[in-house]
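Overview (structure and organization)
One letter stands for each residue in the lines below.
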Amino acid sequence: MWLSVERLIEKTGLIRAEPPDEVHSMTRGALAAAGGLYEADLVIDALIGAGVDMSSVTSGLDFGCSSGRVVRSLAAAYPAIAWHGSDPNAPAIEWAAENLPGTDFFVNDNHPPLPLADASLDLVYAISIWSHFAPMLGLRWFEEMHRVLRPGGHLVCTTHGLTSVAHYATLELRTPEQSREIADALYTRGWWYAPEFGEEGDWGVINPDWGTAFLSPEWMLTQLCPQWRVLEFAPGRNQENQDVYVLERA
């Protein structure tokens with residue numbers, strides 16, 4: 001894709017397009033030329049591993065899609081699915097809507113609701129989104145996902161958990177003192193949160209409830225069940241860092 005090989009582009013349906021530097025994108029360059037292949041595989045592998053038949057999925061949402069890095073790969077792999085992508089970062093959504101045809105992109109607010117009808121989706125996935133929500137806002141967004149998914153629909157999401165504490169400590173990205181603080185908080189109350197983006201926000205999106213969050217699986221289970229059925233919990237499955245959950249709407 002990076003070399004714009006026409007036979008590959010025609011065969012795969014992938015799109016060779018990269019946002020300009022002023023538009024948010026998680027990765028750039030040669031390894032991102034075909035989109036977020038790693039994350040797309042992560043979502044599909046998690047669903048299939050949980051027993052989901054992808055042929056039954058007719059509509060899906062990339063919640064927190066930024067400039068569409070992951071959904072562009074999934075739209076090429078599953079063109080029959082009606083894909084949507086949402087994010088509060090308006091410039092990223094504007095670029096995606098102009099450059100990635102075949103997906104319905106829209107800007108969402110920092111708080112629910114989404115401009116989608118009740119039970120209108122079969123699938124929602126969110127990569128490293130609940131790892132940033134303050135816990136109470138995160139619960140509101142879980143309620144919103146429950147609203148927009150049909151009964152039996154699925155949500156794939158990732159969170160920081162205890163594996164993430166070890167990941168950041170080993171790479172010395174957090175101090176030993178802070179790592180102990182986070183681990184203690186997970187064992188005592190089930191979560192840790194800090195508004196680490198500051199007053200300037202995350203790429204211009206200002207939200208005091210969007211920072212860095214760690215959530216224990218016990219807290220997740222206590223808060224989400226029985227409205228959700230947990231089909232799979234995979235500690236550290238996302239890059240040996242974030243936990244991956246596959247949830248089914250009850």
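Residues numbered from 1 in each chain as written. Predicted model: local features only at pLDDT ≥ 70, side-chain atom pairs only at ≥ 80, totals over all residues. Heavy atoms only, no water.

A look at the overall build of the chain
How we decide: Numbering of helices and strands runs from the N terminus; a helix is a DSSP stretch of H or I covering at least four residues, while a strand is a stretch of E covering at least two. Atoms considered for the radius of gyration are the C-alpha atoms alone. The globule rule reads 2.2 Å times the number of residues to the power 0.38. We call two residues in contact when some of their heavy atoms are within 4.5 Å. Where accessible areas are quoted, they stem from the Shrake-Rupley method and a 1.4 Å probe; at the residue level, only the protein chains shown are allowed to cover.
Check the secondary structure of the chain and you find 8 helices and 9 strands. A compact globule built from 250 residues would reach a C-alpha radius of gyration of about 18 Å, and the chain, at 18 Å, matches this within 12%. Viewed in the frame of its principal axes, the chain has a C-alpha envelope of about 55 × 40 × 30 Å. A sequence separation of at least 24 residues applies to 68% of the contacts in the chain between residues at least 6 apart. Accessible surface, the chain as shown: approximately 11800 Å² in total, 55% of it carbon and sulfur.

A short note on the pattern of salt bridges
Just so we agree on the cut-off: In what follows, salt bridge is the name for a side-chain nitrogen of Lys or Arg lying within 4 Å of a carboxyl oxygen of Asp or Glu. For every residue, the accessible area obtained with a 1.4 Å probe (protein chains only) is divided by the maximum for its type, and the residue is called buried under 20%, exposed over 50%, and partly exposed between those limits.
In total, this model carries 8 salt bridges according to the counting rule given. Here Arg147 ties to Asp118 by a salt bridge, and the two come within 2.6 Å at their closest N and O atoms. Taken together, the positions of Arg147 in helix 5 (residues 135-148) and Asp118 in the loop between strand 3 (103-107) and strand 4 (121-126) put the pair 29 residues apart, joining distant regions of the chain. On the basis of relative accessible area, Arg147 is assigned to the partly exposed category, the value being 24%. Here Arg180 makes a salt bridge to Glu177, at a shortest N to O gap of 3.9 Å.

Focus: the sheet that holds strand 9 (residues 242-249)
Put simply, the rule reads: A strand pair is defined by DSSP finding two or more bridges across the two strands. Note on definitions: angles span 0 to 180 degrees between N-to-C directions of axes, and those axes are lines fitted to C-alpha atoms, for helices only across the stretch in contact.
Reading across from one edge, 3-2-1-4-5-9-8 is the order of the 7 strands in this open sheet, with mixed pairing throughout. The strands lining the two open edges of the sheet, one partner per strand, are strand 3 and strand 8 (228-238). Pairs of neighbouring strands in the sheet enclose a mean axial angle of 15°, with direction left out of account. Each of strand 2 (82-87) and strand 3 touches helix 4 (residues 90-99); the most contacted strand, strand 3, lies at about 160° to it.

Notes on the packing of helix 6 (residues 162-170) against helix 7 (residues 176-188)
Counted only if it meets this: Every angle not falling under 35 degrees, over 145, or within 65 to 115 is termed oblique; those three ranges are roughly parallel, roughly antiparallel and roughly perpendicular. Residues were grouped as follows: Ala, Val, Leu, Ile, Met, Phe, Trp, Tyr, Cys and Pro as nonpolar; Asp, Glu, Lys and Arg as charged; and all remaining residues, including Gly, as polar.
Between helix 6 and helix 7, the shortest axis-to-axis distance is 10 Å and the interhelical angle comes to 175°. Judged on the interaxial angle alone, helix 7 and helix 6 are roughly antiparallel. Residues Leu162, Val165 and Ala169 of helix 6 touch helix 7, and the partners they reach there are Ser179, Ile182, Ala183, Leu186 and Tyr187. The class makeup of the residues in the contact of helix 6 with helix 7 is 7 nonpolar, 1 polar and no charged.

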